[in-house]
Amino acid sequence: MTIPETAELNRPARRRRIRRRLRRMGRTPRTRVRGPSFNRLIPNILTMLGLCAGLSGMRFALEHQFAHAAVALLIAACIDGLDGRIARLLRGTTRFGAEFDSLSDFVCFGVAPSFVLLMWCLEDAGRYAFVPCIMFTVCMALRLARFNASLDDDDKPDYSANFFTGVPAPAGAGIVLFPVFLGLEADRMHADGLAALAREPIVSTICLILTALLLVSTLPVWSFKNFKVPARYVLPLMLGTGLYAAVLVADPWGALAAAGLFYVAILPFSRRSYHRLRKAAEDMSETVEEETA
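All residue numbers refer to positions counted from 1 along the written sequence of the respective chain. Note on the predicted model: pLDDT of at least 70 is required for a residue's local features to be given, and 80 or more for side-chain atom pairs to be given and counted; whole-chain, interface and lining totals, by contrast, use all residues. No hydrogens and no water enter the side-chain calculation; it runs on all heavy atoms of the structure.

A.B. asks: Would you mind going over the overall build of the protein chain in detail, with residue names and values included?
C.D. replies: Of the regular secondary structure elements, the protein chain holds 12 helices and 2 strands. Numbering of helices and strands starts at the N terminus; helices are DSSP runs of H or I of at least 4 residues and strands are runs of E of at least 2. For the protein chain, the α and β elements follow one another from N to C terminus as α-α-α-α-α-β-α-α-α-α-β-α-α-α. Throughout, exposure labels follow a simple rule: accessible area from a 1.4 Å probe, protein chains only, divided by the maximum for the residue type, with under 20% read as buried, over 50% as exposed, and the rest as partly exposed. Buried positions account for 35% of the 293 residues belonging to the protein chain. Between two residues, a contact is recorded if the distance between any of their heavy atoms is within 4.5 Å. Contacts spanning at least 24 positions in sequence make up 80% of the contacts within the protein chain whose residues lie at least 6 apart.

Here it is as structure tokens:
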């Protein structure tokens, strides 16, 4: 018998001797707790808080407190942007966390926004008013399923890492809530005509259908995760961000409505950037093949 095998057999006897000594000294042996460390649970706790925020937004919509509902969904979007990055920083990424995050995104950004718009102006708009809400929710589920399936795809080119396929879930929720942001801003400004327009069922229906199509489209959209800013644009970007933060505090609903319009406006530029990178990669590949031949 080898020395490691002998030590392995003597280990339980050694533990029993240690326990007997501790009992004689009047001390109980400390039990070892098995399970993940608290650091690995922090991202899942954040995801749970985001899910609770999304469900709270639906509850506020039932009570027609649409300002509170919009704030709750914004909190859910902020948490969704943090939990994944914190998980990578703490090295706590797990398959359970990824699936839990996807389910939370479906509730917060797929179910809650359409429910808020239903209570906003579509509740009494007829029996077909629920159809665009269903369309948006179904398209959000398809978009999240496609995103989860693409995580296991190792054949994607390097330049596609900076792009989403279709509008991401939090951005889609922000775009579709444009009528709510516009109506709340109109109520603050006492603009009755604009408030009535924001509560027209046709406006919410158009937002739901167009956003649903953007979710399931193959449009390449900047992800901003690995987005590199040229040195000469760093200072203007920081100044613009500070200015927008000040406007967001002073006039939140107008700033959020403008952010939704701005995001839709930059989608064509994102598509042009993607095709430019793809063409450059194809030209480089053809050059390498010609040199090899």
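A.B. asks: Give a description of the state of the cysteines that names residues and reports values.
C.D. replies: Disulfides are defined in this document as cysteine sulfur pairs within 2.5 Å. Under the counting rule described, the total for this entry stands at 0 disulfides. The thiol of Cys133 is unpaired, and the distance to the nearest cysteine sulfur, on Cys121, comes to 8.6 Å.

A.B. asks: Describe the environment of Cys139, and please don't skip the residues or the numbers.
C.D. replies: Among the secondary structure elements, Cys139 is positioned in helix 5 (residues 130–150). Classification of Cys139 as buried rests on a relative accessible area of 10%. Cys139 sits 70 residues away from Ile209 along the chain, and the two C-alpha atoms are 9.6 Å apart. In contact with Cys139, other than residues within four places in its own chain, are Ala212, Leu215 and Val216.

A.B. asks: Please set out the packing of helix 7 (residues 178–189) against helix 11 (residues 252–265) residue by residue, giving values where relevant.
C.D. replies: Lines fitted to C-alpha atoms define the axes here, with helix axes fitted over just the stretch in contact, and angles between the N-to-C directions of these axes take values from 0 to 180 degrees. Following both chains from N to C, one finds helix 7 and helix 11 inclined at 145 degrees, their axes separated by 8 Å at the closest point. In this structure, helix 7 meets helix 11 at a crossing whose hand is left-handed. Contacts from Phe178, Phe181, Leu182, Leu184 and Glu185 of helix 7 reach helix 11 at Trp253, Gly254, Leu256, Ala257 and Leu261. Crossing chirality is assigned from the near helix's rotation relative to the far helix, an anticlockwise turn below a right angle marking it left-handed and a clockwise turn marking it right-handed.

Bear in mind that shape data such as this cannot, by itself, settle questions of function.
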